[in-house]
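Residue-level structural notes
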Amino acid sequence: MSYAPREPQRQRSLLQRIGGGIVALGALIVKLGSLAKFATLFVAFGGYALIWGWQFGLGFVLLIFVHELGHFLEAKREGLNPTLPTFIPFLGAYVKYTRGNPWQTARVAVAGPLFGALGALVCYLVARQQHSDLFDALAYAGFFLNLINLIPIGFFDGGQVWRSAQWLRRGGGADKAVLVWTLYVATAAFCVLGAWLAYVPQHRL
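Heads up: these notes are all about the structure in this document. What you see is a predicted model; the values in this text were computed from it and never measured.

Calculation criteria
Residues numbered from 1 in each chain as written. Predicted model: local features only at pLDDT ≥ 70, side-chain atom pairs only at ≥ 80, totals over all residues. Heavy atoms only, no water. Helix = DSSP H or I, 4+ residues; strand = E, 2+ residues; numbered from the N terminus. Expected span 1.5 Å × (residues − 1). Buried < 20%, exposed > 50% of the residue type's maximum accessible area, 1.4 Å probe, protein only. Contact = heavy atoms within 4.5 Å. Core = buried A, V, L, I, M, F, W, Y, C linked by side-chain atoms within 4.5 Å. Axes fitted to C-alpha atoms, helices over the stretch in contact; angles between N-to-C directions. Parallel < 35°, antiparallel > 145°, perpendicular 65-115°, else oblique. Left-handed = near helix turned anticlockwise from the far one by under 90°. Nonpolar A, V, L, I, M, F, W, Y, C, P; charged D, E, K, R; others polar.

1. Description of helix α6 (residues 157-170)
- In a regular helix each residue adds 1.5 Å, so 14 residues correspond to 20 Å; α6 covers 20 Å between its end C-alpha atoms and thus fits that length.
- Residues of α6 that are buried include every one of Asp157, Gly158, Gly159, Val161, Ser164, Ala165 and Leu168, and no others.
- Buried residues along α6 sit in contact with α3 (54-77), α4 (102-130), α5 (133-149) and α7 (174-198).
- Once α6 finishes, Gly172 follows within two positions and takes phi at roughly 95°, a positive value.

Now the structure itself:
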């Protein structure tokens, strides 16, 4: 049996078509930019819905969105050119913005958990009014999620808040550092209280 190798010209033609397709796809993603980021919200919703059902999945994604909206609005107010939230299924979401000074960074960081806790509070009030287990679960999840985000380590919002407060204290902004710590502790206490009130004991084997 004879073997005839593929002609180099045909190989180059195939690679060019594949490469052209990749470049075109990349250009489309860049062009759509915000639309592509917004689409990640629906991907996240689908992932959560598969596990907890579409109603809880939708509520949970909206609570994450409210959290990120806090970051976005405060960064916008600070003139830090924030991007729309990008969702990462099962990991949360993030908002990119221009690096600011420690005072700005602290306020942007704490705005997310604060907005998120207020969103959870709305769910809690609806749960009390409507006697809804769904909104009770969403309230607890919202308070707990934002409390976790306030852990003062690493890339969590709490880590950014505490690092910024330390820089402010060392840089002569002790009064601002105290204000940041006070807002941080108050937000964390709000989340703890909310999670405690919204918690429903589960009696399962």
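2. A short note on the environment of Leu147
- As for its position among the elements, Leu147 is in helix α5.
- Leu147 sits in the partly exposed class, given a relative accessible area of 23%.
- C-alpha separation for the pair Leu147 and Phe190, spaced 43 residues apart in sequence, amounts to 8.9 Å.

3. Focus: unusual backbone geometry
- One non-glycine residue, Asn81, lies in positive phi territory at about 50°.
- Secondary-structure assignment places Asn81 in the loop between α3 and β1 (86-88).
- Using a relative accessible area of 60% as the deciding quantity, one classes Asn81 as exposed.

4. So, the nonpolar core
- One finds Ala139, Phe143, Val161 and Val180 to be the most contacted residues of the largest nonpolar core, which totals 30 residues.
- Sorting the residues of this core by element identifies α3, α4, α5, α6 and α7 as the ones contributing at least two each.
- Residue contributions to this core peak at 8 residues, all from α4.
- Apart from residues lying up to four places away in sequence, Val161 is in contact with Ala106, Ala109, Val110, Val180 and Tyr184.

5. A few points about the packing of α4 against α6
- Closest axis-to-axis distance for the α4/α6 pair is 8 Å, and the angle between their directions is 155°. Taken as axis vectors, α4 and α6 run roughly antiparallel relative to one another. As α4 packs across α6, the resulting crossing turns out to be left-handed. In this structure, α4 uses Pro102, Trp103, Thr105, Ala106, Ala109, Val110 and Pro113 to contact α6, whose residues at the interface are Asp157, Gln160, Val161, Ser164, Trp167 and Leu168.
- Here the contact of α4 with α6 is built from residues that sort into 9 nonpolar, 3 polar and 1 charged.

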